[in-house]
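Listed below are the residues making up each chain.
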Amino acid sequence: MINTEEFFSYLKKKDLDFFVGVPDSLLKNICACIKMSSDESNNIIAANEGNAIGIASGYHISTGKFGVVYMQNSGQGNAVNPLLSLVDEDVYRIPMLLLIGWRGEPGVKDEPQHVKQGKVTLSLLETMGIDYLILEDDYKTQIDYCYKYMSENSKPVALIVRKGCFSEYKISKPDSEYTMLREEALDGIISNIGSDAFVVSTTGKTSREIFEIRERRNEGHEHDFLTVGSMGHTASIALGMSLGTEKDVFCVDGDGSFIMHMGGMGIAAKYAKENYKYILINNGVHESVGGQPTVGFDIDIKSILFACGFKNVYTASTKNEVEQGIDKLKREKLGALIIYTKQGSRDDLGRPTITPEQNKINMMKIFGNINA
Ligand SMILES: Cc1ncc(C[n+]2csc(CCOP(=O)(O)OP(=O)(O)O)c2C)c(N)n1
């Protein structure tokens, strides 16, 4: 196991002290260390991994330095376009160090959404012509190699991080002005949307909590699309679903997800019918992967939603306000509800016990598209 603080110090010693990326559960400890040990201008938590590549590129041009871009391998997809059309040696040829968390590594048990991505992580880098090393205890030699490689070739290089690679490093939780937990808010949502309504919930703990709430209530899961991967696309999945039905479709999004592909909100508002209902749970952090901050509390999401075309944007921070907010959404076209919560979740939170494909099949049966 690598001592997280020593790894971070060695990067700094090599002048690798500009960090940008999207947090990941496998990188939780190193992301916490970067967050606690860097000032804000040296650690930018980007909207998505493609943006992170862009930021590291611009930074290199103005400073000559190599940025360190951290991401989960799920973010490789978001990064492919700027890696190939900006950073690549056939275009601008920009060096940077990629730190990639390897979820779904073959032979290591992981969730369904990580299996295929885990299989193709290395071959995707090979296809893109990006040299990589799998991070080992002798990380100093590996960082030396990466530094030399970037200096000599002016190209990106990757360090692949396996599960359990870094020692524990805790991030401190800021005090919250909110008292409600996300799970309580979700309970309020599920209790009030009506038994006919459909739910499309976002990646991470939101979908896991909705699954458990339905179990506790002895209800089935066939009204809920529990998005497991594909972070940032929840609002779009919900839009597509709502176009094919007259029933209400409630999107339950997170601030990290909303910010990741915010452009989708303008499209959702333009094409939404009566039945599209948007709810954003804003805890100001990427809680599911360790609590690194988003800009959820820095930007005016209410105004953004209005500007996208939502007609009414309500806010809630208590269960009572959630109930009132849902009531208004049910009656109006293009209403949205922002629910403010504190961070936190149960230690014993489980994961859906049905597969994603079974989840889809069960929903399609209810929609009448597959015979029961
Ligand atoms: C493209 C991509 N990048 C990163 C991740 C890792 N990831 C999973 S959940 C999550 C945080 C989501 O944050 P938010 O939407 O605010 O919800 P919260 O966890 O706070 O409930 C992240 C970064 C991912 N699944 N996909």
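What you see is a predicted model; the values in this text were computed from it and never measured.

1. Looking at the site of the ligand
1) Next: Residues in close proximity to the ligand total 26 residues, the closest being Gly-204, Gly-254, Gly-256, Glu-287 and Ser-288.
2) Next: Of all the secondary structure elements, the ones that give two or more residues to the shell around the ligand are helix 8 (205–216), helix 10 (255–260) and strand 11 (285–286).
3) Next: With three residues, helix 10 is the largest single contributor of residues to the shell around the ligand.
4) Next: Counting the residues that make up the shell around the ligand, at least three belong to each of domain 1 (4–161) and domain 2 (182–366).

2. Observations concerning unusual backbone geometry
1) Next: Of note, Arg-93 is a non-glycine position whose phi angle comes to about 55°, a positive value.
2) Next: With respect to the helices and strands, the residue Arg-93 is situated in the loop between helix 4 (76–87) and strand 4 (96–101).
3) Next: Even without being glycine, Ser-154 reaches a positive phi, approximately 50°.
4) Next: For Ser-154, the location among the structural elements is in the loop between helix 6 (139–153) and strand 6 (157–161).
5) Next: On the basis of neighbour counts, which here come to 15 C-beta atoms within 10 Å, the residue Ser-154 falls in the partly exposed class.

3. Considerations on the domain arrangement of the protein
Reports often express the size of an interface as the amount of accessible area lost when the parts come together.
1) Next: If you check the domain split of the protein, you get domain 1 (4–161) and domain 2 (182–366).
2) Next: The straight-line distance from the C-alpha centre of domain 1 to that of domain 2 is 30 Å.
3) Next: Contacts between the two partners involve 14 residues from domain 1 and, on the opposite side, 16 residues from domain 2.
4) Next: Taken together, the elements giving at least two residues each to the side of domain 1 that touches domain 2 come down to helix 2 (28–37) and helix 5 (112–128).
5) Next: Element by element, the count of residues in the side of domain 1 that touches domain 2 is highest for helix 2, at four residues.
6) Next: Class assignment of the residues belonging to the side of domain 1 that touches domain 2 gives a composition of six nonpolar, four polar and four charged.

Cut-offs used in this document
- Residues numbered from 1 in each chain as written.
- Predicted model: local features only at pLDDT ≥ 70, side-chain atom pairs only at ≥ 80, totals over all residues.
- Near = placed C-beta within 6 Å.
- Helix = DSSP H or I, 4+ residues; strand = E, 2+ residues; numbered from the N terminus.
- Domains from an automatic or database assignment.
- Buried ≥ 20, exposed ≤ 12 C-beta atoms within 10 Å, placed from the backbone.
- Contact = placed C-beta atoms within 7 Å.
- Nonpolar A, V, L, I, M, F, W, Y, C, P; charged D, E, K, R; others polar.

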